[in-house]
Amino acid sequence: MKIPSSEITPEHIYHARPQSRRRFLQTAGLVAGGALLSACAPSYVEPSPTPIKPEKPVTAGQTDELGDAITGYDAITNYNNFYEFTTDKQAVARLSAGFVAEPWKVQVGGLVNNPKTFDLDELRKITPVERIYRMRCVEAWSMVIPWSGLTLNRLLKLVDPKSEAKYVRFETLLDPTRLPGQRDRSFPWPYVEGLRLDEAMHDLTILATGIYGKPLLPQNGAPIRLVVPWKYGFKSIKSITKIELVADEPVSLWMKSGPSEYGFYSNVNPDVSHPRWSQSSERRIGEVIRRRTLMFNGYADQVASLYAGMDLRKNY
Amino acid sequence: MLAWTYAKITKRPNLMVFRIFVHLAAVLPLAHLLWDTWRGNLTVNPLQDWTFRTGDWALRLLVASLACTPLASVFGFKQAITVRRALGLYGFGYALLHFFIFVGVDYRFAFDLIWDDLATKRYILVGLAALLILIPLAITSTRGWMKRLGRRWKTLHKLTYLAVPLAVIHYIWLVKADLRDPLLYASIVTLLLILRLPVLRTQISQFRQRLSGKFLH
């Protein structure tokens, strides 16, 4: 087994990056708390719009805050779970190549004071962020991905959720002509996912529009997708057309098709087993040896408080 | 043994061609897997490819071995019997490889993790059961054991009818969404087992003989 040299973190980066990232994440937690308190504040005015542009180009060898090297672009764009195209992870890239993701509209509504439909340019004007996150698939493999996009809380504040809004419901484009996998009737299309409002407002939760500083490719959920790094990958719904604030817990596609296997929360949890895959360990793509899976995918310091007092075995 | 095979083969060249074909067909998937590994043709998750492909071929070859008897007794393709044991052993070989890739390469003998999986994942339990059942069958597959066990040999080797369905259940339980492939295996195995029912076996072969009789007259 050969690991390309680009996958190995140079020592100076290994030692230098984690500290600053960790400090960033600590403040991120505080910011998220503040965001929560202001969630119901009157409509939010977006300051100085700036176009999405990576602060610095993403390069192989960069690491996340734990010192894990980012996964190669080729792996990220050629090993995908996107059942709207095919269930074959390797074939998604090929089958999605002709998918046209522009123009695109994201309808944000439901229990909000200012429902609004955003086009991509409007979304790009919302303060851009760059995040390197671990992505842990429920199938027990993982990657480290450099995302660009916007925090979901910024978008939600623009539409101003009403006080009755307790959850956020997301929907993928429903169009079997463009997403041929949706002709497979064994799934209750469209893909639906949901978050509790506090999870959605958490600063770690982003809507991604790019990877490696480049616009998202169709196989990764172009043009805009959710990224919730402490939950299994399937929660991070792709190619979103609809975001709705709702009062009741949304029923996701996976909850509908396998209620005993997939719960609403789907937090990465090495102690809660899944009938098919080991959740206590995982294979990082590019590595041979399994590594132990971390509670909340390593984001416990930032998100564990969201679930204080909850039985995570029941709320899986 | 060799002399016996040689004598048999020289008398029936077609049988030789058939048997060589079967042996090649059984070894090629492994060669292909090694080739793909060497050439870097696997996915970014190569261990999963090894696991899946050895598992797939274990099941295919075991099912093929299970097909030999009905092919001969019901459909009159007598040559099939000559490769039944080889197919079963190849299937067992791939299953063993599949097992060692899981335990030794994937989990690096981390028995705490393996134990976790064994305790919580029913598909691993039935997969292991299938493999354990196949071990005594592989050991007693030689001519010597056949003689030593006499009539009991046949009874013992009926355990295949348990092992192969368990392997299919292993496949059904591990699949996340698309059940088409495992259910295809399930229906083929069910059919192969049904064809062994004495009533059906005689009915079909009589029907077949009547049919060929018609063509003869």
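Definitions and limits used
- Residues numbered from 1 in each chain as written.
- Chains lettered and ligands numbered in written order.
- Predicted model: local features only at pLDDT ≥ 70, side-chain atom pairs only at ≥ 80, totals over all residues.
- Heavy atoms only, no water.
- Contact = heavy atoms within 4.5 Å.
- Buried area = accessible area lost by both parts, 1.4 Å probe.
- Salt bridge = Lys/Arg side-chain N within 4 Å of Asp/Glu carboxyl O.
- Polar contact = N/O pair within 3.5 Å; in protein donor to acceptor, adjacent residues only side chain to side chain.
- Helix = DSSP H or I, 4+ residues; strand = E, 2+ residues; numbered from the N terminus.
- Nonpolar A, V, L, I, M, F, W, Y, C, P; charged D, E, K, R; others polar.
- pLDDT = per-residue confidence, 0-100.
- Core = buried A, V, L, I, M, F, W, Y, C linked by side-chain atoms within 4.5 Å.
- Buried < 20%, exposed > 50% of the residue type's maximum accessible area, 1.4 Å probe, protein only.
- Patch = residues over 30% accessible without salt bridge, like charges linked within 9 Å, V, L, I, M, F, W, Y side chains within 5 Å.
- Areas by Shrake-Rupley, 256 points an atom, 1.4 Å probe, with all protein chains shown as cover.
- Lys, Arg positive; Asp, Glu negative; His and termini not counted.
- Charge placed at Lys NZ, Arg CZ, Asp CG, Glu CD.
- Arc of directions from axis to C-beta.
- Pairing = 2+ DSSP bridges.
- Axes fitted to C-alpha atoms, helices over the stretch in contact; angles between N-to-C directions.
- Phe/Tyr/Trp six-rings, centres within 6.5 Å; stacked < 30°, edge-to-face > 60°.
- Lys NZ or Arg CZ within 6 Å of the ring centre and 35° of its normal.

### Structural notes on the interface of chain B and chain A
Tallying the contact residues gives 23 residues for chain B and 29 residues for chain A. Buried area between chain B and chain A, summed over both chains or domains, comes out near 2,200 Å², and the portion from carbon and sulfur atoms is 52%. At the boundary of chain B with chain A, the tally comes to three salt bridges. For Asp112 of chain B, the salt bridge goes to Arg292 of chain A, with nearest N and O atoms at 2.6 Å. Counting across the interface, chain B meets chain A through 13 residue pairs in polar contact (both at pLDDT 80 or more). Those elements that provide at least two residues to the side of chain B that touches chain A are helix H3 (46–73), helix H5 (111–120) and helix H9 (160–174) of chain B. Among the residues forming the side of chain B that touches chain A, the class breakdown is eleven nonpolar, four polar and eight charged.

### Quick notes on the confidence of the model for chain B
In low-pLDDT regions, the fine details of the predicted coordinates are not to be read closely. When pLDDT is averaged along chain B, the result is 89; 93% of the residues meet or exceed 70. Averaged over each element, pLDDT in chain B is lowest for helix H1 (residues 2–11) of chain B (56) and highest for helix H6 (residues 122–139) of chain B (96).

### Looking at the nonpolar core
All names here are of chain A. Trp147, Leu155 and Ile243 are the most contacted members of the largest nonpolar core, which totals 84 residues. Looking at which element gives the most residues to this core, the answer is strand S4 (residues 141–151), with six residues. Ignoring any residue separated from it by four or fewer positions in sequence, one finds Trp147 in contact with Val129, Glu130, Arg131, Tyr133, Met135, Ile206, Ala208, Gly210, Ile211, Leu216, Arg225 and Val227.

### A closer look at a positive patch on the surface
On the surface, a cluster of positive charge is made up of Arg84, Lys154, Lys158 and Arg201 of chain B. Structurally, Arg84 of chain B can be placed in helix H4 (residues 84–106).

### Structural notes on H5 of chain B
Buried within H5 of chain B are the following residues: Leu113, Ile114, Asp117 and Leu118 of chain B. Projected onto a plane normal to the axis of H5 of chain B, the buried residues spread over an arc of 135° and lie on a single side. Every exposed residue of H5 of chain B that faces more than 90 degrees away from the buried side is listed here: Trp115 and Ala119 of chain B. Check the buried side of H5 of chain B and you find it contacts strand S11 (281–284) and strand S12 (291–292) of chain A together with H4 and H6 of chain B.

### Remarks on the pattern of salt bridges
Two side chains that carry opposite charge are able to pair once their charged atoms sit near each other. Residue and element names in this part refer to chain A. Under the definition given, this model contains 25 salt bridges over all chains. Between Glu122 and Lys116 there is a salt bridge, with its nearest N and O atoms 2.8 Å apart. By relative accessible area, which is 34% here, Lys116 ends up partly exposed. Asp198 is the partner of Arg196 in a salt bridge, and the nearest nitrogen-oxygen pair spans 2.8 Å. Judged on exposure class, the residue Arg196 and its partner Asp198 are both buried. Residues joined by salt bridges that share partners form a network here, namely Asp68, Arg136, Glu282, Arg284, Glu287 and Arg291.

### Quick word on the pairing of strand S3 (residues 129–136) of chain A
All names here are of chain A. Within S3, seven of the eight residues are buried, which leaves it mostly tucked inside the rest of the structure. Judged from the eight bridges that link them, S3 and S4 form a sheet pairing that is antiparallel. Across the sheet, residue Arg134 finds its bridge partner in S4, namely Val144. Here S3 folds back onto S4, and the loop between the two strands holds four residues, one of which, Ala140, carries a positive phi near 70°.

### Brief notes about the environment of Leu111 of chain A
All names here are of chain A. With respect to the helices and strands, the residue Leu111 is situated in the loop between strand S1 (105–110) and strand S2 (116–119). Judged by relative accessible area, Leu111 falls into the partly exposed class, the value being 23%. Taking the C-alpha atoms as reference points, Leu111 and Leu245, 134 residues apart in sequence, are found 5.0 Å from one another. Here Leu111 is in contact with Pro161, Lys162, Glu164, Ala165, Leu245, Val246 and Ala247, once residues within four sequence places are set aside.

### Focus: the sheet that holds strand S6 (residues 192–196) of chain A
Residue and element names in this part refer to chain A. The five strands are arranged S2-S1-S10-S5-S6 in an open sheet whose pairing can be described as mixed. Of all the strands in the sheet, the pair left with one neighbour each is S2 and S6. Neighbouring strand axes in the sheet, compared pairwise and without regard to direction, differ in orientation by 15° on average. Here strand S5 (residues 167–172) pairs with S6 via five bridges, running antiparallel.

### Let's talk about the side chain of Asp106 of chain B
Inspection of the secondary structure assignment puts Asp106 of chain B in helix H4. For Asp106 of chain B, a relative accessible area of 6% gives the class buried. Polar side-chain contacts of Asp106 of chain B include one of 2.6 Å to the side chain of Arg290 of chain A. Leaving out residues up to four positions away in the same chain, Asp106 of chain B has contacts with Arg283 and Arg290 of chain A together with Leu47 and Ile101 of chain B.

### Description of the pairing of strand S10 (residues 240–246) of chain A
All names here are of chain A. Among the seven residues in S10, five count as buried, and that is most of the element. When S1 meets S10, the two strands line up parallel, connected through four bridges. Pairing of Val108 across the sheet is with Ile243, part of S10. Where S5 and S10 come together, six bridges link them in antiparallel fashion. Its bridge partner lying in S10, Tyr167 is registered against Val246.

### Topic: the packing of aromatic side chains
Evaluation of the coordinates by the stated rule reveals 23 aromatic pairs over all chains. Ring geometry for Tyr73 of chain A and Tyr212 of chain A: centres 5.3 Å apart, planes at 70°, overall edge-to-face. Here the residue Tyr73 of chain A occupies a position in helix H2 (residues 73–78), and Tyr212 of chain A occupies one in the loop between strand S7 (206–211) and strand S8 (214–215), the gap between them amounting to 139 residues. Note on Phe102 of chain B and Tyr107 of chain B: the rings are 4.8 Å apart at their centroids and 55° apart in plane angle, and the pair reads as tilted. Tyr107 of chain B shares its class with Phe102 of chain B; the two are buried. Among the aromatic residues, those joined into a ring-pair cluster are Tyr83, Phe187, Trp189, Tyr232, Phe234, Trp254 and Tyr262 of chain A. Over the ring of Phe118 of chain A we find Lys116 of chain A; its NZ or CZ atom is 5.1 Å from the centre of that ring. Over the face of the ring belonging to Phe82 of chain A we find Lys238 of chain A, whose NZ or CZ atom lies 4.9 Å from the ring centre.

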